[in-house]
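# Chain and residue survey
What follows is each chain in one-letter form.
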Amino acid sequence: MDTKLGHVQNFSMLQLRTIVLSLTLLGLFFFGCGMYYKMEGVATLAGVEKDLDMWLGKSKEEQIQEMGDPVMCMLWDEHGEFCHWMDAEDSTDGSFRPKRIFYYDNNSVVCGWTYTGQWADQTKNLCKR
């Protein structure tokens, strides 16, 4: 009799775990998908990737003419350098400002980038090492 009672309790716990897991996954799906869509003026990650990809293969000088001066640039080993830009929006209220880092080869040509945003981080590195 104890065996049957234990079996019934296990079956109920299995059902409860399945329901909780299903609801959790469903919630994460809807919450997670929503974070990649446009929210309060923040571009979608796919849109950001497209904007950053357009710089691949272009010169640092051309980029500075279009984007303005970077916040900073640093040497990147013997491979070139990288420069960091932040969104131009004023953030005196302490809100998060996305940043873009572009990597340049020894010829000052963009070969990669990193985007750090409020909702996601992404890197594309085509630089030859």
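Residues numbered from 1 in each chain as written. Predicted model: local features only at pLDDT ≥ 70, side-chain atom pairs only at ≥ 80, totals over all residues. Heavy atoms only, no water.

## Focus on the sheet that holds strand S5 (residues 121-125)
As a general point, the strands of a sheet are linked pairwise by backbone hydrogen bonds and lie either parallel or antiparallel. Heads up, the condition is: At least two DSSP bridges between two strands are needed for those strands to be called paired. Put simply, DSSP H or I for four residues or longer makes a helix, DSSP E for two residues or longer makes a strand, and each gets a number counted from the N terminus. Orientation is described by lines fitted to C-alpha atoms, with helices fitted over the stretch in contact, and by angles between N-to-C directions that extend from 0 to 180 degrees. Two residues form a contact once any of their heavy atoms are found within 4.5 Å.
Ordered in space as S1-S2-S3-S4-S5, the 5 strands form an open sheet in which the pairing is antiparallel. The open sheet terminates on both sides in strands that have one partner only, identified here as strand S1 (72-76) and S5. Looking at each pair of strands side by side, their axes are set apart by 15° on average, direction ignored. Set on the sheet, helix H2 (residues 45-53) makes contact with strand S3 (99-104), strand S4 (110-116) and S5; between it and S4 the angle comes to about 150°. Across the sheet, helix H3 (residues 60-67) lies against S1, strand S2 (80-86), S3 and S4, angled at about 10° from S2, the strand it touches most.

## Observations regarding the environment of Ala-120
This is how the line gets drawn: Whether a residue is buried, partly exposed or exposed follows from its accessible area with a 1.4 Å probe, protein chains only, as a fraction of its type maximum: under 20%, in between, or over 50%, in that order.
Assignment of secondary structure puts Ala-120 in the loop between S4 and S5. What makes Ala-120 buried here is its relative accessible area of 14%. Separated by 75 residues in the primary sequence, Ala-120 and Leu-45 place their C-alpha atoms 7.4 Å from one another.

## Things to note about the pairing of S2
Where a strand is regular, its side chains alternate between the two sheet faces. The buried fraction of S2 is high, at 6 of 7 residues. Of the pairings in the sheet, the one linking S1 to S2 comprises 5 bridges and is antiparallel in character. By the bridge assignment for S2, Cys-73 is matched with Cys-83. Pairing analysis gives 6 bridges linking S2 to S3, with the strands arranged antiparallel. Considered in S3, the bridge of His-84 is made with Ile-101.

## Focus: the state of the cysteines
Rules: Throughout, disulfides are identified as pairs of cysteine sulfur atoms within 2.5 Å of each other.
Applying the stated criterion across every chain, the model contains 2 disulfides. Bridging Cys-73 to Cys-83, the disulfide has an S-S length of 1.9 Å. Because the sign of the S-S torsion sets the handedness, a value of about 110° for the bond joining Cys-73 and Cys-83 places this disulfide among the right-handed ones. Pair noted here: Cys-73 is in strand S1 and Cys-83 is in strand S2, with a separation of 10 residues, a long-range link. Under the relative-accessibility criterion, Cys-73 is labelled partly exposed at 30%. Looking at Cys-83, the relative accessible area reads 0%, which means it is buried. A disulfide bridge connects Cys-111 with Cys-127, and the sulfur atoms are separated by 2.0 Å. Between Cys-111 and Cys-127 the sulfur-sulfur dihedral comes to about 90°; the bridge is accordingly right-handed. Of this pair, Cys-111 sits in strand S4 while Cys-127 sits in the segment after S5, and the two are 16 residues apart along the sequence.

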